[in-house]
Amino acid sequence: KNQGKPFVVKTQTANIHVTGTSFNIKAYSGGGFFETVLAEGSIEMELNVPNSQKVKLSPGERAVFHSGRKEIVIDKVEYEIYTAWRNGEILFRDATLNDLIKELERIYDIKFYLEDETLGNFRFRGMFSYNNNLIDALEKVKRTSGIGYYIENKEVWLGKKEKKNKN
C-alpha cells in the first residue's frame, strides 16, 4: 500500500484501485462482460465511462458488469471458486456443463459441441487441474456424468451415446 503510488489495474471496461488485497478479475477483450471478486483486503472499481461512481468491495463480494445492462451488480460469493486458478485449479460448484465447456475451451484452445443441447444443463461440482491434460478433464466428466466424448482435430464432441471408435 502506497498512497503516493496507487496500484491500479486498468482494463477496457473498468479500473480497479487496489489497496493491499487479494482479488481476481475476469475481463476478456470484446466480451462485453467484466467481473472482479475480492478475497481479502479491499478494492474500488470504477467503470471507464464519464461520471462513473467508484464501487468499493468487501471480502467475499463480486462485482459484475454486462455492457448490455449498463449497471454493476454486487453479490456475495465463495471467492475460492474464482481464485483457485492461482493454484492451477478450476473449482465448480453447481455449474452447468455449458459453464464447464466455456472454461475448458478457453484453457485448452479447443472447440466443444454437444450432440444433444439439453446436456448443457447437466450440473457439476468438482475440481479440475490446469496441470493435467484435456483427456484427464474429459475422463472426469465421463466418470461423474456418463457423458462420453470423442475428439477430431481441435474439436470435442460430447454425448450420451458411446460410439465404436470414440471414448
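Let us look at the structure shown here. Everything numeric here is computed off the predicted structure, so don't read it as measured data.

1. A look at the sheet that holds strand S13 (residues 155–159)
- What the three strands build is an open sheet, ordered S10-S13-S12; its pairing is mixed. Among the strands making up the open sheet, the edge pair consists of strand S10 (111–114) and strand S12 (148–152). Geometrically, the sheet is characterised by an average inter-axis angle of 25° between neighbouring strands, direction not taken into account.
- As judged from the four bridges shared by S10 and S13, these two strands associate in the parallel manner. Following the sheet pairing, Tyr113 is matched in S13 by Trp157.
- Contacting S10 and S13, helix H2 (residues 97–108) runs over the sheet at an angle of about 155° to S10.

2. Some words on the nonpolar core
- Formed by 21 residues in total, the largest nonpolar core has its most connected members in Leu97, Leu100, Phe112, Leu138, Val156 and Leu158.
- Looking at this core, the elements that each hand over two or more residues are strand S9 (89–96), H2, S10, strand S11 (123–129), helix H3 (134–145) and S13.
- Core analysis: the next-biggest nonpolar cluster, separate from the first, contains 13 residues, Ala14, Ile16, Phe23 and Val55 among them.

3. Comments concerning H3
- End to end, H3 covers 16 Å across 12 residues, agreeing with the expected 16 Å (1.5 Å per residue, within 8%).
- On its buried face, H3 sits against H2, S10, S11, S12 and S13.
- For H3, the N-terminal cap is Asn133; the gap from its side-chain oxygen to the backbone nitrogen of Ile135 is 3.0 Å.
- Following H3 by one or two positions, Gly146 adopts a phi angle in the positive range, close to 80°.

4. Observations concerning the packing of aromatic side chains
- For the structure shown, the criterion picks out three aromatic pairs.
- A centroid spacing of 4.5 Å and a plane angle of 20° characterise the contact between Tyr113 and Trp157, whose relative ring orientation is stacked. Of the two residues, Tyr113 is situated in strand S10 and Trp157 in strand S13; the sequence distance between them amounts to 44 residues.
- Classification of Tyr113 by relative accessible area gives partly exposed; the value is 28%.
- With a relative accessible area of 24%, Trp157 lands in the partly exposed category.
- Where Tyr150 meets Trp157, the ring centres are 6.2 Å apart and the plane angle is 10°; that geometry is what we call stacked.
- Clustering of aromatic rings is evident, with ring pairs tying together Tyr113, Tyr150 and Trp157.
- The residue whose ring lies beneath Lys111 is Tyr113, and the NZ or CZ to ring-centre distance is 5.6 Å.

Calculation rules
- Residues numbered from 1 in each chain as written.
- Predicted model: local features only at pLDDT ≥ 70, side-chain atom pairs only at ≥ 80, totals over all residues.
- Heavy atoms only, no water.
- Pairing = 2+ DSSP bridges.
- Helix = DSSP H or I, 4+ residues; strand = E, 2+ residues; numbered from the N terminus.
- Axes fitted to C-alpha atoms, helices over the stretch in contact; angles between N-to-C directions.
- Contact = heavy atoms within 4.5 Å.
- Core = buried A, V, L, I, M, F, W, Y, C linked by side-chain atoms within 4.5 Å.
- Buried < 20%, exposed > 50% of the residue type's maximum accessible area, 1.4 Å probe, protein only.
- Expected span 1.5 Å × (residues − 1).
- Polar contact = N/O pair within 3.5 Å; in protein donor to acceptor, adjacent residues only side chain to side chain.
- Phe/Tyr/Trp six-rings, centres within 6.5 Å; stacked < 30°, edge-to-face > 60°.
- Lys NZ or Arg CZ within 6 Å of the ring centre and 35° of its normal.

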